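Next come the chains, spelled out residue by residue.
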Amino acid sequence: MSQQQKIDKEEWKKKIMEGLTQVYDPEIPVDIVSLGLVYDLKIGDDGSVYIKIGLTAPGCPVIDDLVYTIEQVIKESVSATSVDIDVDLDTQWTPMRMSAEGREKFKKLYGYDIVEMWIQTYGLPPEEQKA
């Protein structure tokens, strides 16, 4: 990528996120964007891409496949000079991270609202109680 080319970071983020809606979690057949598994996405001025993702289950046996797929989707979406994928094993995923679309997809698949079930079982998380 030449230095004369200015990267439209917002456009790149949009393209990447659209591409990632085609990447599905291996445990829950809903895309990783709708599940809220994309924790961070940064585009560098040099065309580098950094993405931090979470997992729905610790010890995911297909993590390498998921990382590979995410990298390929990013490379197909934009002309990234490099792709750095950080898998966050410390932040526990909960259904509270899901988008409204993700909740609807889950309801259609399983017949119940996972967020309502989570709240009934575990209560609202502390950050939600303040709202």
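Conventions and cut-offs
- Residues numbered from 1 in each chain as written.
- Predicted model: local features only at pLDDT ≥ 70, side-chain atom pairs only at ≥ 80, totals over all residues.
- Heavy atoms only, no water.
- Helix = DSSP H or I, 4+ residues; strand = E, 2+ residues; numbered from the N terminus.
- Expected span 1.5 Å × (residues − 1).
- Buried < 20%, exposed > 50% of the residue type's maximum accessible area, 1.4 Å probe, protein only.
- Arc of directions from axis to C-beta.
- Contact = heavy atoms within 4.5 Å.
- Core = buried A, V, L, I, M, F, W, Y, C linked by side-chain atoms within 4.5 Å.
- Phe/Tyr/Trp six-rings, centres within 6.5 Å; stacked < 30°, edge-to-face > 60°.
- Lys NZ or Arg CZ within 6 Å of the ring centre and 35° of its normal.

Between the first and last C-alpha of helix H2 (residues 63–77) there are 21 Å, a value that for 15 residues agrees with the 21 Å anticipated at 1.5 Å per step. For H2, every residue scored as buried is listed here: Leu 66, Ile 70, Val 73, Ile 74 and Ser 77. Each buried residue of H2 lies within a common arc of 100 degrees when the element is viewed along its axis, so the set occupies one face. Facing away from the buried side of H2 by more than 90 degrees, the exposed set consists of Asp 64, Asp 65, Tyr 68 and Glu 76. Against the buried residues of H2 lie helix H1 (9–20), strand E2 (48–53) and strand E3 (82–87).

Turning next to the environment of Leu 41. Inspection of the secondary structure assignment puts Leu 41 in strand E1 (residues 38–43). You can call Leu 41 buried: its relative accessible area is 10%. Not counting the four nearest positions on each side in its chain, Leu 41 is found in contact with Lys 13, Ile 16, Met 17, Val 49, Tyr 50 and Ile 51.

If you look at the biggest cluster of nonpolar residues, it comprises 31 residues, and the most contacted ones within it are Ile 16, Leu 20, Ile 32, Val 49, Ile 51, Ile 70 and Ile 74. Going through the elements one at a time, H1, E1, E2, H2, E3 and helix H4 (114–122) are the ones with two or more residues in this core. With residues near it in sequence (within four places) discarded, Ile 70 still touches Leu 20, Val 23, Ile 32, Ile 51, Ile 53 and Ile 85.

Applying the stated criterion across every chain, the model contains three aromatic pairs. Note on Trp 118 and Tyr 122: the rings are 4.3 Å apart at their centroids and 45 degrees apart in plane angle, and the pair reads as tilted. Residue Trp 118 and its partner Tyr 122 are located together in helix H4, separated by four residues, close to a single helical turn. What links up through ring pairs into an aromatic cluster is the set Phe 106, Tyr 110 and Tyr 112. A cation sits over an aromatic face here: Arg 97 above Tyr 39, 4.0 Å from the ring centre.

These figures capture arrangement, not role.
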